[in-house]
Amino acid sequence: MVSGPSGTGKTSICDELLRRIPNSRWSVSVTTRPIRGHEIDGEAYHFITREEFDRMVARDELLEHAEYLGQCYGTPRELVDKTVAAGEIVIMEIDVQGGAQVAQRVPDSIRVFILPPTMDTLQARLEGRQTESEALQRKRLAEADGEIGFAINSGYYQYFITNDILKDSVNRIMEIIEQETKTT
Ligand code: 5GP
């Protein structure tokens, strides 16, 4: 499980992990947030309505769920359960509130928090994204301090990685997965 402020490069890290770990599957989250230009429904996310989301929560179909900047996000249980039952690795990218729930519900999960090299780099990366309005970029940046503070103080994350060079971060996570899956 990978978490970190918006703009730290989590998605690129997860994409690379999926490419490099043969028996890995991406956990397709559900979200009520609007679809961005380049996104395809069913790939990174299933885009659903608030009513559909509430129904999934009521039926206990989500392993975890949270609200981030007014939109709902959640991890469907089904894919996670099936993948784990098949002895494969689930890669999920979720926010810190979801991370806390996964830590409690799946204690043997591997939880990695991605840090930006500096807050200036984070700001520059967010500003470089063409997919969001400036107001939304500012809101995402404003969330970052709280997310980092929570991740460090909560104790829910076993590993912290500063994502300076993508390849190094991915290599480090590969090592962590190798170590953790050897001892369990
Ligand atoms: P974005 O809108 O940029 O795709 O995601 C916003 C935040 O929601 C990110 O921190 C991302 O990791 C998080 N997120 C994505 N999917 C899930 C999920 O299923 N559950 C939770 N709790 N957070 C998620």
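Just above, that's the structure.
The text that follows walks through the structure, step by step, so that each part is easy to find.

**Thoughts on the packing of aromatic side chains**
For the structure on display, the rule yields 7 aromatic pairs. When the ring of Tyr68 is compared with that of Tyr73, the centres are 6.2 Å apart and the planes differ by 75°; the resulting orientation is edge-to-face. Here Tyr68 matches Tyr73 in class, with each residue buried. Measuring from ring centre to ring centre gives 5.8 Å for Phe113 and Phe160, while their planes differ by 50°; the resulting arrangement is tilted. Highlighted residues: Phe113 in strand 8 (residues 112–115) and Phe160 in strand 9 (residues 159–162), separated in sequence by 47 residues. Given a relative accessible area of 0%, Phe113 falls into the buried group.

**Description of the environment of Gly7**
Structurally, Gly7 is set in the loop between strand 1 (2–3) and helix 1 (10–20). The exposure class assigned to Gly7 is buried, which follows from its relative accessible area of 11%. Here the alpha-carbon distance between Gly7 and Thr131, two residues 124 residues apart in the chain, equals 12 Å. Ignoring any residue separated from it by four or fewer positions in sequence, one finds Gly7 in contact with Leu122, Arg125, Leu126 and Arg129.

**Some words on the site of the ligand**
Taken together, the neighbourhood of the ligand is formed by 16 residues, with Ser29, Arg33, Tyr45, Tyr73 and Arg140 sitting nearest. Between Arg36 and the ligand, the recorded distance is 2.8 Å, taken from a side-chain N or O atom to an oxygen atom. For the ligand, an oxygen atom lies 3.0 Å from a polar atom in the side chain of Glu93. Expressed as a share of its isolated accessible area of 510 Å², the protein-covered part of the ligand is 95%. Elements with a contribution of two residues or more to the shell around the ligand: strand 5 (62–68) and strand 6 (71–76). Counted by class, the shell around the ligand contains 5 nonpolar, 4 polar and 7 charged residues.

**Some points on the environment of Glu147**
With respect to the helices, strands and loops of the structure, Glu147 is situated in helix 6 (residues 134–154). We classify Glu147 as buried; its relative accessible area is 7%. In this structure the C-alpha to C-alpha distance between Glu147 and Leu63, which are 84 residues apart in sequence, comes to 20 Å.

**Details of the sheet that holds strand 9**
Pairing is parallel in the open sheet, where 3 strands are placed in the order 1-8-9. Each of the sheet's edge strands pairs with one partner strand only, and the pair in question is strand 1 and strand 9. Across 4 bridges, strand 8 lies against strand 9 in parallel orientation. In the strand pairing of strand 9, Leu115 is matched with Thr162. The strands that helix 6 touches are strand 8 and strand 9; relative to strand 8, the one it contacts most, it runs at about 140°.

**Observations regarding the sheet that holds strand 6**
Neighbouring strands of a sheet are bound in pairs by backbone hydrogen bonds; such pairs are parallel or else antiparallel. Here 4 strands make up an open sheet; going across it, the order is 4-3-6-5 and the pairing mixed. This sheet does not close on itself; its edge strands, each paired only once, are strand 4 (45–47) and strand 5. Put simply, the sheet's adjacent strands are angled 25° from each other on average, direction ignored. The pairing of strand 5 with strand 6 spans 6 bridges and is antiparallel. Looking at the pairing, Glu64 lines up with Thr75 of strand 6.

Criteria and thresholds
- Residues numbered from 1 in each chain as written.
- Predicted model: local features only at pLDDT ≥ 70, side-chain atom pairs only at ≥ 80, totals over all residues.
- Heavy atoms only, no water.
- Phe/Tyr/Trp six-rings, centres within 6.5 Å; stacked < 30°, edge-to-face > 60°.
- Buried < 20%, exposed > 50% of the residue type's maximum accessible area, 1.4 Å probe, protein only.
- Helix = DSSP H or I, 4+ residues; strand = E, 2+ residues; numbered from the N terminus.
- Contact = heavy atoms within 4.5 Å.
- Near = heavy atom within 4 Å.
- Polar contact = N/O pair within 3.5 Å; in protein donor to acceptor, adjacent residues only side chain to side chain.
- Areas by Shrake-Rupley, 256 points an atom, 1.4 Å probe, with all protein chains shown as cover.
- Nonpolar A, V, L, I, M, F, W, Y, C, P; charged D, E, K, R; others polar.
- Pairing = 2+ DSSP bridges.
- Axes fitted to C-alpha atoms, helices over the stretch in contact; angles between N-to-C directions.

Honestly, it's all geometry; don't read function into it.
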